[in-house]
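# Structural characterization, general
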Amino acid sequence: MGLALVEYDFVIVGGGTAGLVVATRLTEEPSVSVLVLEAGGNALQDPRVSIPAMCSLVLFSANIFLVFSRLTIAVCGIRSVILGTELDWDFITTPQENLNGRQIGQPQGRVLGGSSAVNAEVFIPPSTIGFDAWESLGNAGWGWNGVAPYFYKFHTLNPPSEDVSKHLDLNWIDESSKGTGPIQASFSGVVEDPLGKAWNETFKQLGFGLTGNPFRGRGVGGWSNPAAIDPVTKTRSYAASAYFAPVSSRSNLEVITGATVSRIILEDSLNGDQPIARGVEFTQDGVEHRANASREVIVSAGVFQSPKILELSGIGDKALLEKFGIATKVNNPNVGENLQDHLMTGVSYEVAEGVMTGDPLLRQEPQFVQAAMQMYQEHKSGPFASGSLLSYAFTPIMAQALDKLEPQLQESLEELVQQLADTPSMSELEQENVRFIKSILQSETPGEASGSLFMLPAQVNLHNGPKQAGMTKDIKPGNFLSMGASLQHPLSRGKSHISSSDPTAAPVIDPRYLSHPLDIEMYARHLMVIEILAKTPPLSNHIKAGGRRAQPGEARVDTLEKAKSYIRETALTDNHPVGTCAMLPREKGGVVDNRLRVYGVQRLRIVDSSIMPLIPRANVQTSVYTVAEKAADIIKEDHGLTPTKSN
């Protein structure tokens, strides 16, 4: 392989969600040359990626063939369609003490488009209070007012037909919150499906009907959420299809796949000051190459790979680098720290007779699969055209509802929160994080939720860990709906570091889930609410009275202790890890400044989820796109190029 140029203006490490956004925006200027190096392949023509429902399918039998366009997928035996394949880095954590010693799989996209190519397409917007908290930590310009234009720049929200909008109660959508960007978000609900409407109405019954507009950064209560699916083609809308594909013919943009970056080339400056990033070394098909950058190297390799590449290049904790024989260029122990993630778990309830779910598709019942295939091929409709999760809720601790299950839960939580006083043993960052959580929990009229609840019309089995590919194994007969919960703003912090000096070795990932004692207290209270939902009409009307639960054992979370135990036994990652190269003042734990420049190095930036100082609420892909769009303008400004704040 030969590079088209001896030197590029910008070399971007990682052709994932953020990397392709930045590459697309920088090459809007014809005089700017950009090289993108992606370890995975190009899956733009791969139906496993483009067909929306494929992300949720895990089991295929040898006699089932899916034929779409001219490509046939023949999957023999039992394996995942996406997870654990060549499209996934397929990482795994260290044993987690507070999850009964379990290891937790950490899927990450290893393909052009990154995790936006392999995720479940769930499209949940970030919040005003979350970004404002970033700014309060010392990141000027990163509050909601500073990022909102970029949120609306990356996506377009497409309302469904008038009858579906009425059915799903989508009257909160207005013109100002639709956006104008390349990523398409749409709604998969149909009026024939009663579950989405019942979800929204049940939250109203409990006093938590949606207030506000989630796409204006504010919203608490139950609602019907969109998915990253193009409403016209009924295909996944992601970074490779929406950003890269339309500009792939640009002469100033080169993308190389199958390229594994081993290190950033750092040269000492003439005056002995900070080292300068001159380019990167990478391998492709076993051959080593060097790519030079005249302006900057931009690392967009993701939450686990970006700190790994920094450490392999000599940027990190000196003691760790010396352990693996790596010369220290910049001693910064903050690299790889501050890891945050959302956990998820839930219960599957047998539905009433006549309620349709996706279980027959999971069981690969031939008649159902044939009908679904035909609907997608001929009409771009049906289960294959739909996202997996269509009903969502942002909630505070629902104290009044929980009193029906176990009295005094709110009072006991308030006592624990009161004990979260700033102490001398806490760092400044820890104190600020605690104050942020207290402000959410103690608000009289919460504008932000501490947890989320969600529903999908099929069974899942969280006992088949450690990886998510096990969620749809051991499928029970019958039809089920699943409800789950996630803690939105955990206080626990983990880390991700190199395991050796070998660039191909996986990092050591230790999220330290539930290591902060308040996390399990908040999380268990949120999880208990699904038992309330299952007993409250109209949703309860669609759940079979005395019906089964798909999970083994009792699978009940109707007391605090049962909920805590269930979380420790079953919770998996919600695939939202962030924070390992945090955008913070260096003395607070920062790796990059508010212009995403790596401390102690010239001409080196990071743009991906690793820079997030606090985890956003819900699914982080919307925040990654937002960060990348803003980063592109920051880079343009710093190099005297013209920012493009609107399309």
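Attention in this report is confined to the structure presented alongside it. (Residues numbered from 1 in each chain as written. Predicted model: local features only at pLDDT ≥ 70, side-chain atom pairs only at ≥ 80, totals over all residues. Heavy atoms only, no water.)

## Let's talk about the overall build of the protein chain
For the protein chain, the helix and strand inventory stands at 17 helices and 23 strands. Expected size for 647 residues packed as a compact globule is a radius of gyration near 26 Å; at 24 Å, the protein chain falls within 12% of this value. Here the C-alpha coordinates of the protein chain stretch approximately 75 × 65 × 45 Å along the principal axes. Expressed as a percentage of its 647 residues, the buried residues of the protein chain come to 62%. For the protein chain, the exposed area adds up to about 23500 Å²; of that, 50% sits on carbon and sulfur atoms. Across the protein chain, 54 positive and 69 negative side-chain charges occur, with their mean positions spaced 1 Å apart. (Helix = DSSP H or I, 4+ residues; strand = E, 2+ residues; numbered from the N terminus. Rg over C-alpha atoms; globule rule 2.2 N^0.38 Å. Buried < 20%, exposed > 50% of the residue type's maximum accessible area, 1.4 Å probe, protein only. Areas by Shrake-Rupley, 256 points an atom, 1.4 Å probe, with all protein chains shown as cover. Lys, Arg positive; Asp, Glu negative; His and termini not counted. Charge placed at Lys NZ, Arg CZ, Asp CG, Glu CD.)

## Focus: the sheet that holds strand S9 (residues 221-224)
Hydrogen bonds between backbone groups are what pair the strands of a sheet, and the pairing can be parallel or antiparallel. Taken in spatial order, the six strands of this open sheet run S9-S17-S18-S19-S16-S22, and their pairing is antiparallel. Since the sheet does not close on itself, it has two edges, and those belong to S9 and strand S22 (572-573), each with one partner. Bridge count for strand S16 (residues 343-350) against strand S19 (residues 480-487) is six bridges, and the pairing is antiparallel. Across the sheet, Thr-345 pairs through a bridge with Ala-485, a residue of S19. The strands touched by helix H6 (residues 195-205) within the sheet are S9, strand S17 (391-395), strand S18 (451-456) and S19, with S9 carrying the most contacts at an inclination of about 160 degrees. Lying on the sheet, helix H15 (residues 517-535) is in contact with S16, S17, S18 and S19; it crosses S19 at an angle near 155 degrees. (Pairing = 2+ DSSP bridges. Contact = heavy atoms within 4.5 Å. Axes fitted to C-alpha atoms, helices over the stretch in contact; angles between N-to-C directions.)

## Regarding helix H14 (residues 428-441)
Spanning 14 residues, H14 covers 20 Å between terminal C-alpha atoms, matching the ideal 20 Å at 1.5 Å per step. Those residues of H14 that sit buried are Leu-429, Gln-431, Glu-432, Asn-433, Val-434, Phe-436, Ile-437, Lys-438, Ile-440 and Leu-441. Looking at the buried residues of H14, the elements they touch are helix H3 (128-136), helix H13 (409-418) and H15. (Expected span 1.5 Å × (residues − 1).)

## Points about the nonpolar core
What tends to happen in soluble globular proteins is that the nonpolar side chains get buried as a cluster. Counting 188 residues, the largest nonpolar core has Ile-264, Val-280, Leu-310, Leu-453 and Met-483 as the members making the most contacts within it. Here the element with the most residues in this core is H15; it accounts for twelve residues. When residues no more than four places from it in sequence are discounted, the contact partners of Leu-310 are Ile-264, Val-299, Ile-315, Val-335, Cys-581, Val-591, Val-598 and Ile-606. Leu-320, Leu-321, Phe-324 and Ile-498 belong to the second largest nonpolar core, which has six residues in total. (Core = buried A, V, L, I, M, F, W, Y, C linked by side-chain atoms within 4.5 Å.)

## Some points on the pattern of salt bridges
Where charged atoms of side chains with opposite charge meet at close range, the side chains can pair. For the structure on display, the rule yields 30 salt bridges. Measuring nitrogen to oxygen at the nearest pair gives 3.6 Å for the salt bridge that ties Lys-153 to Glu-629. Remark: Glu-629 occurs in helix H17 (residues 621-638) and Lys-153 occurs in helix H4 (residues 144-154); sequence separation between them is 476 residues. The burial state of Lys-153 is the same as that of Glu-629; both residues are buried. (Salt bridge = Lys/Arg side-chain N within 4 Å of Asp/Glu carboxyl O.)

## As for the packing of aromatic side chains
Both the distance between ring centres and the angle between the ring planes are used here to describe each pair of aromatic rings. Using the criterion set out here, one finds 20 aromatic pairs in the structure. When the ring of Phe-91 is compared with that of Phe-304, the centres are 5.9 Å apart and the planes differ by 90 degrees; the resulting orientation is edge-to-face. Here the residue Phe-91 occupies a position in strand S5 (residues 91-92), and Phe-304 occupies one in the loop between strand S13 (287-299) and helix H8 (305-312), the gap between them amounting to 213 residues. Among the residues examined, Phe-91 registers a relative accessible area of 6% and is labelled buried. Relative to Phe-154, the ring of Phe-151 has its centre 5.8 Å away and its plane inclined at 65 degrees; by these criteria the two rings are edge-to-face. In this pair, Phe-151 and Phe-154 both sit in helix H4, three residues apart, roughly one turn of the helix. The residue whose ring lies beneath Lys-630 is Trp-142, and the NZ or CZ to ring-centre distance is 5.2 Å. (Phe/Tyr/Trp six-rings, centres within 6.5 Å; stacked < 30°, edge-to-face > 60°. Lys NZ or Arg CZ within 6 Å of the ring centre and 35° of its normal.)

## Digging into unusual backbone geometry
That bond from Pro-537 to Pro-538 is cis: its omega, 5 degrees, falls within 30 degrees of zero. Among the secondary structure elements, Pro-538 is positioned in the loop between H15 and helix H16 (560-570). In the Ramachandran plot, Asn-100 falls in the positive-phi region, its phi being about 60 degrees despite a non-glycine side chain. Within the secondary structure layout, Asn-100 lies in the loop between S5 and strand S6 (105-106).

## Notes on the pairing of S19
Buried residues dominate S19, accounting for eight of its eight residues. Neither face of S19 is exposed, since Phe-480, Ser-482, Gly-484 and Ser-486 on one face and Leu-481, Met-483, Ala-485 and Leu-487 on the opposite face are all buried. Relative to S19, S18 runs antiparallel, the two being bridged by six bridges. Each residue of the ladder has a partner; that of Gly-451, found in S19, is Leu-487.

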